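Chain by chain, the residues:
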Amino acid sequence: MAKNKITRRQAVKNMSLSIGAMSIGGSVMAKGLQEDPTFLNNNQGTLKGNINHSACRWCYQKIPLQEFAQKGKEIGLKGIDLLKPDEWKIVQDLGIECSLATDTFASITHGFNDSKNHENLQAQYQDLISKASHAGIKQVIVFSGNRNGISDEKGWEQCAKGLDALVKHAEKNNVTLIMELLNSKVDHKDYQCDYTPWGVALVDKIGSPNFKLLYDIYHMQIMEGDIIATIKKYNEHISHYHTGGVPGRNEINNNQELNYPAIMKAILATGFKGYVAQEFIPTYDDTLSALKEGIMICDV
């Protein structure tokens, strides 16, 4: 019995060796990706099929959309986020969905929290919802807008008022409007829908299955942390997820602080069947290898 006893010092030593091995493994993956575009093809298996993988178009703008959709499909994408109407058919013809629709008028800074924006936004979004429905697209993104001196309570009331008619139109067209949670510390100064409880209260106020939240993991880690507990608590209010490494908004590997496999398992445990979209800014020379790495990390 005494011979098998492990001292505290030995346990700490063993732990240090294990952590060192994991760090080396992560470094090897990152190095392999940057030096050899086929690295992941040679070192990873097939996808498990539990996560519906998507990616945000703006992160890969240098790649023509048709090429991005085709190569994205080969590495596991089922959808592409934030496509405009003239882009939908390009990806649909290749068997990829537009997992989240937008248009040029959609504004992060000038949103539904200001009644001055309602008339124009309502007209333009009504048309976008109709187009999305006709194209078989299920989700359209909306934004709260910046505070610009508007209190959280007033902004919440104005969002509910401005979105009411559009949500009813979305219900008739089998489309869900989703408001994105964004951080107001680093990337989107003064944005109003910057805490999950604020967005949840808005979802409850509107009270429709066709209005929910886009929970951006990167943004909410910066604002409030407690990612897994928040997902468990508010999963019924969430229709879509975005990823990103913290800090920096780059690759979601072990060079950042979030444990994405654990987060993905928590999402799956809620029964979520929607899309998880990669929204990090690639730093690898081969940006598609960076995307595939993100997909593999999230494929639990």
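What counts and what doesn't
Numbers given to residues run from 1 along each chain, matching the order in which its sequence is written. Note on the predicted model: pLDDT of at least 70 is required for a residue's local features to be given, and 80 or more for side-chain atom pairs to be given and counted; whole-chain, interface and lining totals, by contrast, use all residues. As a convention, hydrogens and water are excluded, and side-chain values are obtained from all of the structure's heavy atoms. Note on exposure labels: buried denotes an accessible area under 20% of the residue type's maximum, exposed denotes more than 50%, and partly exposed covers the range between, all computed with a 1.4 Å probe on protein chains only. Every helix listed is a DSSP run of H or I at least four residues long, and every strand listed is a run of E at least two residues long, numbered separately from the N terminus. Whether two strands pair depends on DSSP finding at least two bridges between them. Assignment of crossover handedness uses the view with strands pointing away from the viewer, where a clockwise path from the first strand over the helix to the second indicates a right-handed crossover. A side-chain nitrogen of Lys or Arg and a carboxyl oxygen of Asp or Glu constitute a salt bridge if their distance falls within 4 Å. What pLDDT reports is the predictor's confidence in each residue, on a scale of 0 through 100. Throughout, a contact is declared for two residues whenever any of their heavy atoms are within 4.5 Å.

Caption draft 1: Examining the pairing of strand S3 (residues 97-101) more closely. Counting buried positions along S3 yields 4 of 5 residues, so the element is predominantly enclosed. Looking at chain direction, strand S2 (residues 79-83) and S3 are connected through 4 bridges and run parallel. If you follow Gly79 over to S3, its bridge partner there is Glu97. With respect to chirality, the unit in which S2 leads through helix H4 (residues 85-92) into the neighbouring parallel S3 is right-handed.

Caption draft 2: Structural context of the pattern of salt bridges. The final tally for this structure, using the stated rule, is 8 salt bridges. Across the salt bridge formed by Arg147 and Asp152, the nearest N and O atoms sit 3.0 Å from each other. Residue classification places Arg147 among the buried positions, given a relative accessible area of 16%. For Asp194, the salt bridge is made with Arg147, and the minimal N-O distance between the two is 3.0 Å. Remark: Arg147 occurs in the loop between strand S4 (139-142) and helix H6 (152-172) and Asp194 occurs in the loop between strand S5 (176-180) and helix H7 (196-206); sequence separation between them is 47 residues. In this structure, a network of salt bridges that share partners links the residues Arg147, Asp152 and Asp194.

Caption draft 3: Structural view of the pairing of S5. For S5, the buried fraction is high: 5 of the 5 residues fall into the buried class. What you see with S5 is no split at all: Thr176, Ile178 and Glu180 on one side and Leu177 and Met179 on the other are buried throughout. In the sheet, S4 pairs with S5 via 4 bridges, with the strands oriented parallel. Paired with Val142 across the bridge in S5 is Met179. Handedness of the S4-H6-S5 crossover: right-handed. Taken together, the 4 bridges between S5 and strand S6 (residues 211-216) define a ladder with parallel strand orientation. Pairing of Glu180 across the sheet is with Leu214, part of S6. As for the winding sense of the linkage, the β-α-β connection from S5 through H7 to S6 is right-handed.

Caption draft 4: Local environment of the confidence of the model for the protein chain. Across the protein chain, pLDDT averages 90, with 85% of residues at or above 70. Here residues 1-44 scores under 50 on pLDDT; set against residues more than four positions off or in separate chains, the count is 25 contacts.

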